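Now for the letters of each chain:
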Amino acid sequence: MKDAWSSDEVRKAEEPLIAAGEPLMARAAYALAQAVLREVAAPRAGRAPDHRLGRPATVRLRGSLGSDGLPGTARLRPGRATGPRADVRGASALLLVGPGNNGGDTLFAGAHLVRRGMTVTAVLASARAHEDGLTAFRAAGGKVLTLADVRVPAVVQAALASDVLLDGLVGVGARGALRPPAGGLVRTLAEAREKAGERWPLTVAVDIPSGIGVDDGAVPGPVLRADRTVTFGALKPGLLLPPAAHLAGDVELVDVGFPTVAGAEGWSGSVWGVATGRHAMSGTDPASGRVRRMEPADVAGLWPVPSPHDHKYTRGVVGVIAGTSTYPGAAVLATSGAVLAGPGMVRYLGPEATGARVLLARPEVVVAGGRVQAWVLGPGVPALGPDDDGPDDDGQARRIFGALAAVTGVLSEDVTGGKMPAVIDAGALTMLEHRLPAWAVLTPHAGELAELLQGLGHDVDRAAVEAQPLRWVRTAHQATGATVLLKGAITVVAGPGDVYAQADAPAWTGTAGAGDVLAGILGTLLAGRSADVVEDEALAARLAAAAVLVHGRAAARASAGGPVTALGIAQAVPAVVAELLRA
């Protein structure tokens, strides 16, 4: 599991380390310089740069722009030294330097680059700069300009003439859009980058891409898209959350001595107890929770694996109410996703003709009523409008309302057989009449979430959801009580406690029916852990994140770098689950 630390948590972790004399800035600057040197030296040595090959220096988060587009996981590897033979002499770097510690990191790193033979120019965006960093940079032979000395178009030309550009304008303490003159500079550089294409230099963000919402992943103003972000001490929420994560490129997490980073034992252990005690994560507000990214190793402990004593009824029975005579494919895909994720049984409830289609595709499915341990409700079912007497849905709305009564507790447990979780998707999202428990998982895309929130009195549209997904997913959870899974290139899951941001799928996954398969996979997980989910209200979000991870990796396996179909994703699920369980 990869945990992100908020800006306040980072500051609280730094305070005792700085007080104890730990050289955090020196470590950060050295690691930043090494990352740049690797990238610059690579083409000169006849190999592709790491950001093209997908080789992490420490921890790499894949799935955002600038990566290979294939799903992956944050991986931990020892940093690779550039070595004395890495020839970077004659290469050039342009530094964008702000007035704070982030600018100091950048200037100290620039001094390292100068000493390795690179020509380095720093453009100061403010009359102020980190004094020690500026002194070290000048002493090494670096060139210093300010925006008072040079016009922005000249900075663009200098960037185009450089091998690498470092964005060190602001750090984790910044809030809101970049203010002038940095905002205007970044806007112009971002526009120039898009026009220049492959002629633009490698862009490395220092700790974060300047201008992103560090704690919420929003993009309130201009941001220069990075090929690589070298972040220090801990991941930040904005590097995991959309839309900001799409601007971070490949993310390297550098160990500077924070107690949560694997390998931190290499730094002074004398301050560990102090730092751990001061780290605010131990007292995180449960209403907001951490921002996390689940990794493959986390899935095995969540997946319901049968024992020799289990049978089809104890392994979990999934009930699926999906599809109509107009949209029978959704029923086939949802039941396929459920069956291939490994439940004890899948029941299908729906029109006879659609049930026949399901049986042709999945003869394992039982097309009959009976007790279930979790529901999948709504894929392929028309939305119910406020003025509808009843949609033309072959009776599916009536069936969904009955299942929702069991999920919400409107019906007595004597009738339903007990509390049960559910996946609520597509048309079923318009049929919510009562507050939901956390074991009900809503699975909207951005447009559906906006419509749901509008019905609850919020002034929001699809664009607003896409601009601030963390805010609106949390709002939907608080308003409905349900766990909310917002589907997207980076899927965000919010329930009681932690938030998960999963970037496991290739872009090819945005295809019709893929969400139906995801609903089925999640239904199987909820059925297999039904009693646990009802007892532990935070478990539904973890299972939802695990389902997203499996779905994304199945899409990658089925895609193999090219187009993929929803049914192909479902068919790849067993091999992905087996691989994760073996690992």
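On to the overall build of the protein chain. Counting secondary structure elements, the protein chain contains 20 helices and 19 strands. Expressed as a percentage of its 583 residues, the buried residues of the protein chain come to 57%. Taking the intrachain contacts of the protein chain between residues at least 6 apart in sequence as the baseline, contacts between residues at least 24 apart amount to 70%. Summing over all exposed atoms, the protein chain offers an accessible surface of approximately 22800 Å²; the carbon and sulfur share of this is 52%.

Before going further, it helps to examine helix α20 (residues 566-582). The first and last C-alpha atoms of α20 sit 25 Å apart over 17 residues, in line with the 24 Å expected at 1.5 Å per residue. Largest kink in α20: about 35 degrees, centred on Val 573, with the proline Pro 574 one to four residues after it. Three or more residues of α20 are buried, namely Ala 566, Gly 568, Ile 569, Ala 570, Ala 572, Val 573, Val 576, Val 577 and Leu 580. In the core, the buried residues of α20 are packed alongside α9 (296-299), α10 (328-340), α17 (514-528) and α19 (539-559).

Pairs can form between side chains of opposite charge whenever their charged atoms are close. Per the counting criterion, the structure on display carries 22 salt bridges. For Arg 193, the salt bridge identified is with Asp 227, shortest N-O distance 2.7 Å. Of this pair, Arg 193 sits in helix α7 (residues 182-196) while Asp 227 sits in the loop between β8 (202-206) and β9 (228-232), and the two are 34 residues apart along the sequence. Asp 227 gets classed as buried once you look at its relative accessible area, which sits at 4%.

So, on to α19. Its 21 residues place the ends of α19 30 Å apart at the C-alpha level, agreeing with the 30 Å of an ideal helix rising 1.5 Å per residue. With 17 of 21 residues buried, α19 is to be regarded as a mostly interior element.

So, about the sheet that holds strand β16 (residues 440-442). Strand order across the open sheet formed by 10 strands is β1-β11-β19-β18-β17-β16-β15-β14-β12-β13, with mixed pairing between neighbours. Of all the strands in the sheet, the pair left with one neighbour each is β1 (2-4) and β13 (345-348). Averaged over neighbouring strand pairs, the angle between their axes works out to 20 degrees when direction is ignored. One ladder, built from 3 bridges, connects strand β14 (residues 374-377) with strand β15 (residues 422-424); its direction is parallel. Within the sheet, the bridge partner assigned to Leu 377 lies in β15 and is Ile 424. Strands in contact with α19 are β16, β17 (483-486), β18 (491-494) and β19 (499-502); relative to β19, the strand with the most contacts, it is inclined by about 0 degrees.

Quick look at the side chain of Asp 167 now. The residue Asp 167 is located in strand β7 (residues 164-168) in this model. It is Arg 193 that comes nearest to the buried, bridge-free Asp 167 among opposite-charge side chains, at 9.4 Å. Of note is the side chain of Asp 167, whose polar atom sits 2.6 Å from the side chain of Ser 210. Setting aside anything within four residues of it in sequence, one finds Asp 167 in contact with Leu 96, Asn 102, Val 204, Ala 205, Val 206, Ile 208, Pro 209 and Ser 210.

Along the chain, Ala 572 turns up in helix α20. Classification of Ala 572 as buried rests on a relative accessible area of 8%. Distance from Ala 572 to Arg 557, taken between C-alpha atoms, is 6.6 Å for residues 15 residues apart in sequence. When near neighbours in sequence (up to four residues on either side) are disregarded, Ala 572 contacts Ala 554, Arg 557 and Ala 558.

What follows concerns the pairing of β14. Neither face of β14 is exposed, since Ala 374 and Val 376 on one face and Trp 375 and Leu 377 on the opposite face are all buried. In terms of strand pairing, strand β12 (residues 317-321) meets β14 through 4 bridges, oriented parallel. By the bridge assignment, Ile 321 is partnered in β14 with Leu 377.

As a further point, take the packing of helix α6 (residues 152-160) against α7. Packing of α6 against α7 brings their axes to within 10 Å, and their N-to-C directions diverge by 45 degrees. With respect to α7, the element α6 is oriented oblique. When the axes of α6 and α7 are compared, the crossing they make is right-handed. Residues Val 152, Val 155, Val 156, Ala 159 and Leu 160 of α6 form the contact with α7, whose participating residues are Leu 185, Thr 188, Leu 189, Ala 192 and Ala 196. Classifying every residue of the contact of α6 with α7 by side-chain character gives 9 nonpolar, 1 polar and no charged.

The residue Gln 502 is located in strand β19 in this model. A polar side-chain atom of Gln 502 sits 2.6 Å from the main-chain amide nitrogen of Met 294. Here Asp 504 takes part through its side chain, which lies 2.8 Å from a polar atom of the side chain of Gln 502. Among residues more than four places away in sequence, those in contact with Gln 502 are Arg 292, Arg 293, Met 294, Ala 489, Ile 490, Thr 491, Ala 545, Val 548 and Leu 549.

Another point: the confidence of the model for the protein chain. Looking at the protein chain as a whole, its pLDDT mean stands at 88, while 85% of the residues score no less than 70. Note on residues 62-84: pLDDT under 50 across the span, and 62 contacts to partners over four residues away in sequence or across chains. Low pLDDT, under 50, characterises residues 261-287; the stretch is placed with 42 contacts to residues that sit more than four places away or in other chains.

Parameters at a glance
- Residues numbered from 1 in each chain as written.
- Predicted model: local features only at pLDDT ≥ 70, side-chain atom pairs only at ≥ 80, totals over all residues.
- Heavy atoms only, no water.
- Helix = DSSP H or I, 4+ residues; strand = E, 2+ residues; numbered from the N terminus.
- Buried < 20%, exposed > 50% of the residue type's maximum accessible area, 1.4 Å probe, protein only.
- Contact = heavy atoms within 4.5 Å.
- Areas by Shrake-Rupley, 256 points an atom, 1.4 Å probe, with all protein chains shown as cover.
- Expected span 1.5 Å × (residues − 1).
- Bend = angle between axes of the 7 residues up to and from the residue.
- Salt bridge = Lys/Arg side-chain N within 4 Å of Asp/Glu carboxyl O.
- Pairing = 2+ DSSP bridges.
- Axes fitted to C-alpha atoms, helices over the stretch in contact; angles between N-to-C directions.
- Lys, Arg positive; Asp, Glu negative; His and termini not counted.
- Polar contact = N/O pair within 3.5 Å; in protein donor to acceptor, adjacent residues only side chain to side chain.
- Parallel < 35°, antiparallel > 145°, perpendicular 65-115°, else oblique.
- Left-handed = near helix turned anticlockwise from the far one by under 90°.
- Nonpolar A, V, L, I, M, F, W, Y, C, P; charged D, E, K, R; others polar.
- pLDDT = per-residue confidence, 0-100.

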